[in-house]
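Now for the letters of each chain:
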Amino acid sequence: MTWLLVTLVVLLACDLAVRVYYVRIVLRVFETKPPFSVHPFPPDPRAESLEFQSSDGITLRGSLYRQSEGTAKGLILFCPETDGSHWSAMSYCHALMEDGFDVMSFDFRGQGESDPLPGYVPNHWPTMYEVEDVRAAVDYISHREDLQGLPLGVMGVSRGSTLALIAAAECPTVRAVCCEGAYSTDSLMLYFILHWSRIYLPDWLSSLIPLWHYKITTKMVRWTSRILRQRPYVVLEQWLPKLRNRPVLLVSGERDNYVHPDVARELVRCIHSSAAQVWTVPSAKHNKARVVAAAEYDRRLTAFFSQLDAPVTAS
């Protein structure tokens, strides 16, 4: 019996040593922001400038595109990507504006025209700070008389997708959510860890490691970074089941090197709903679906948000 206990202790010690070794490797990659090439957009004279405050006192700024005549079909809240700005909204939502929707966008803290949070440098992993920002945007809409009565939809791009999905999950007045390049921190890390394991481990050994073992490693990396950097990372999977009764459209580029389409499919699996779907765009890279398929992109987007008139079923 003693030798069994000793063997178990040795195996656990070896496993811990291996985990610590690989967590240190993955952590360096995890905390390095990829070299995004975000196209800058100039101010649009058609837009109304706006600003509002988050619950922790950060001033956020953005823009509002209104229909010049008549009542809008609805309002789309647009959440931009990492290093993007609220001025990018029309590069994705132009067809929605043309189809009769109002569009509101804003910059997250430390990005674009919004104020920074002292000591906090945002990157591509969403945190509860950005969640507070999108909550503030929804609250601003709910208290503005000319917007509060409009059917509300949310759209997000890349990191903004996570915040758009959370906004829809938390707010029952959001009737539909569309995202491009969507991911969760854990699902994206897991995808790349499985990919990188073939580089650091022989195929035969990598195939012997169970999936749960890799999942624990992703959580250890996130927890370690959270403690070291004081960054309250978001675990999107906690919110996704709340979207099971909401229309969800995830747009994914077939040639996306940052967020593989498998990641979007995993998010849909977590929602557990036939109302959630993935559109994989052939030849498209990260956040470039409209660049390669503008007509189909616009058609699908306007058709999807035409559902805003439908009532929301309680989750």
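Cut-offs and rules
Residues numbered from 1 in each chain as written. Predicted model: local features only at pLDDT ≥ 70, side-chain atom pairs only at ≥ 80, totals over all residues. Heavy atoms only, no water. Salt bridge = Lys/Arg side-chain N within 4 Å of Asp/Glu carboxyl O. Helix = DSSP H or I, 4+ residues; strand = E, 2+ residues; numbered from the N terminus. Buried < 20%, exposed > 50% of the residue type's maximum accessible area, 1.4 Å probe, protein only. Phe/Tyr/Trp six-rings, centres within 6.5 Å; stacked < 30°, edge-to-face > 60°. Lys NZ or Arg CZ within 6 Å of the ring centre and 35° of its normal.

Participant: Account for the pattern of salt bridges, with residues named and values stated.
Facilitator: Within this structure, the stated rule accounts for 20 salt bridges. Of the charged contacts in the structure, one is a salt bridge between Asp186 and Lys219, with a shortest N-O distance of 3.9 Å. Of this pair, Asp186 sits in helix H6 (residues 185-200) while Lys219 sits in helix H8 (residues 211-229), and the two are 33 residues apart along the sequence. Since its relative accessible area comes to 10%, Asp186 is described here as buried. Through salt bridges with shared partners, a single network forms among Glu48, Arg66, Asp102, Arg144 and Asp146.

Participant: An account of unusual backbone geometry is requested, with residue identities and associated values reported.
Facilitator: Positive phi outside glycine occurs at Ser158, with the angle close to 55°. Here Ser158 lies in the loop between strand E5 (152-157) and helix H5 (159-170). Since its relative accessible area comes to 4%, Ser158 is described here as buried. One non-glycine residue, Ser283, lies in the positive phi region at around 70°.

Participant: Lay out the packing of aromatic side chains in plain terms, naming residues and giving numbers.
Facilitator: Following the criterion strictly, the structure yields 9 aromatic pairs and no others. Plain terms: the ring middles of Tyr120 and Tyr129 are 4.7 Å apart, the flat faces sit at 55° to each other, and that makes the pair tilted. By relative accessible area, which is 24% here, Tyr129 ends up partly exposed. In this structure an aromatic cluster arises from ring pairing among Phe52, Phe106, Phe108 and Tyr140. Sitting over the ring of Phe108, Arg159 keeps its end group 5.4 Å from the ring centre.

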